[in-house]
Amino acid sequence: MKSIAIAARDQRGLTLSGQTISKGNRRPSKGSDPFDHGRLVTALLGAMICLCDSTFAAVTKPNILLILPDQMRASAMGCMGNTDVKTPHIDQMAASGILFRRTYANVPVCCPARAILLTGTYPHVNGMIANDLRLRESQVTLAEILHDAGYRTGFIGKWHLDGGPRDPGYVPPGPRRQGFDFWAAYECHHKHFEPTYFRDTPEIITVKKFEPEASCDFAVQFLQSQPKDQPFFLTVQMGPPHDPYGAPEEYMQRYIPERITPPANWQPGSETRPAPAGGKARVGSVLNRFVPLGGLEEIAAYYAAISAVDDQVGRLISTLKDSGLDDNTIILFTSDHGDMLGSHGLRRKRKPYDESARVPGIVRWPARIPSGQSVETLFSHVDMAPTLLALAGLQIPSTMQGTDLSRVALGETTDGPEAVLLQIFVPFNPDQVAQPWRGIVTAEQTYARYEDKPWVLFDHQHDPSQMHNLIGDASQAELQRKLDRMLTELMKKTGDAWSFNSSELVEEGGRLYRHAPFYTLEEYRAWVTAHPDLAK
């Protein structure tokens, strides 16, 4: 079993690191009789009540369902004010719980984001500073903590934490599954119309359905087989709406590109690469349809995929209700990062802009979380594991770096972090990111810089589309200095430093996943030295 440092929290949410809080450990006051019969009876009654309470708590631990579609930006939901995209089930989920309107991916790219979600730590701590590294088995994960607390754990969909060759993508039972028992997953592919999965053997399971439906088939199987006397933690991590952009024809027909209203900051012609080959081709009963890139067609296809995801969200909630599990199940709906989709003339992710870094943040728990909440409290991936543990009544490891926002979810406060830390550690030219950067998001501004110079500064209130970069504006010089100090302090507080960066193009050309798994960039460099011909 991994060693887990625990920070105990009292009923007011105060952290008492390294202490065990127990009402029964108080010493008798000076001069009192330790054998006083009245005190003894009171103590026995108290012990019986505590025993009953703990037994009740064990039986009624909340279930947890984490739903994570890949590359879904926050603005692509009806509940965020988008009138083009149709997401009735997601909107209803938000209306029946709490919508965190300002939810962010601390590192807006796949593997680092997923590692943050599972560990509650930043990449410079958990080691996942680049896409396609392997998450160390020594890391303590949310799944392991819940497993040790008696939860049945399950993972379905895109894993992308095992490193090495993406295909075929088999992760054997054991430590590399990071605490998950039930398994129907793949390492990383974008075979949206004919996804492949693995269970507990290397046998490839091919499903001729659109990936969200295929993944949710496994999820329904998990939920319908759930023991009544055991809580569960299930995460369903779907592939769409990640590119290549497309969806089954029934969803594509709902969106006419010419009727799409693009964001104010959108620029056509942002993608020069050709669309995936094939256009329309039948795969089983699914019409495989991809679209031209860089225009309104891809936004329409992106929305179509999200509507397909939305239908599966509704299906999962219906299954919970039919199984009698809905009332006591916490649902967290988020994504690993967003998608620029031509906003600012840029592509995909890895950027501090809202389209890239801002993601859905919905928490629903009918038994405890008041419905109809919508808050501006800053919420980010690093906060999600501690918040879920607190909602489940479990202690939070002192190693976790995020903020417990359970009291916000429960409607007790709207207070949260002063700022969110954003990070990118390596360049990736296909996403137009030429060098590493750091940034912060506050209630009022987004600020990002490179090590040697500032990059962007946006005012949320006056420039919600982030079209007016205030860097170099003499009237904002003091604000820029203030945000720079805040960023420096937040980096220091979290243990981050510019020295964790690399200027090497390690993520390009499949360098980290073509040949072998690597836990660190140092391991990769050593492998390159030993295999110069293969590394070309």
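The coordinates are above.
Residues numbered from 1 in each chain as written. Predicted model: local features only at pLDDT ≥ 70, side-chain atom pairs only at ≥ 80, totals over all residues. Heavy atoms only, no water.

Some words on the sheet that holds strand S16 (residues 420-424)
Taken together, four strands build an open sheet; the order of strands is S16-S17-S18-S19 and the sheet is antiparallel. Looking at which strands have only one partner, the edges of the open sheet turn out to be S16 and strand S19 (454-459). Here the average twist between neighbouring strands, direction ignored, is 10°. (Pairing = 2+ DSSP bridges. Helix = DSSP H or I, 4+ residues; strand = E, 2+ residues; numbered from the N terminus. Axes fitted to C-alpha atoms, helices over the stretch in contact; angles between N-to-C directions.)

Details of the pairing of S19
For S19, the tally of buried residues reaches five of six residues, placing the bulk of the element in the interior. Pairing analysis gives five bridges linking strand S18 (residues 445-449) to S19, with the strands arranged antiparallel. In the strand pairing of S19, tyrosine 447 is matched with leucine 457. (Buried < 20%, exposed > 50% of the residue type's maximum accessible area, 1.4 Å probe, protein only.)

A closer look at the pattern of salt bridges
For the coordinates displayed, the defined rule picks out 27 salt bridges. Put simply, arginine 177 and aspartate 200 hold a salt bridge, and the shortest N to O gap is 2.6 Å. With a gap of 23 residues between them, arginine 177 in the loop between strand S5 (152-158) and strand S6 (182-186) and aspartate 200 in the loop between strand S7 (196-197) and strand S8 (205-206) connect regions that are remote in the sequence. We note a salt bridge from aspartate 311 to arginine 254, for which the minimum N-O separation is 4.0 Å. With aspartate 311 in helix H8 (residues 296-322) and arginine 254 in the loop between helix H7 (249-252) and strand S10 (280-283), this pair connects stretches of sequence that are 57 residues apart. Take aspartate 311: its relative accessible area is 26%, and that puts it in the partly exposed class. (Salt bridge = Lys/Arg side-chain N within 4 Å of Asp/Glu carboxyl O.)

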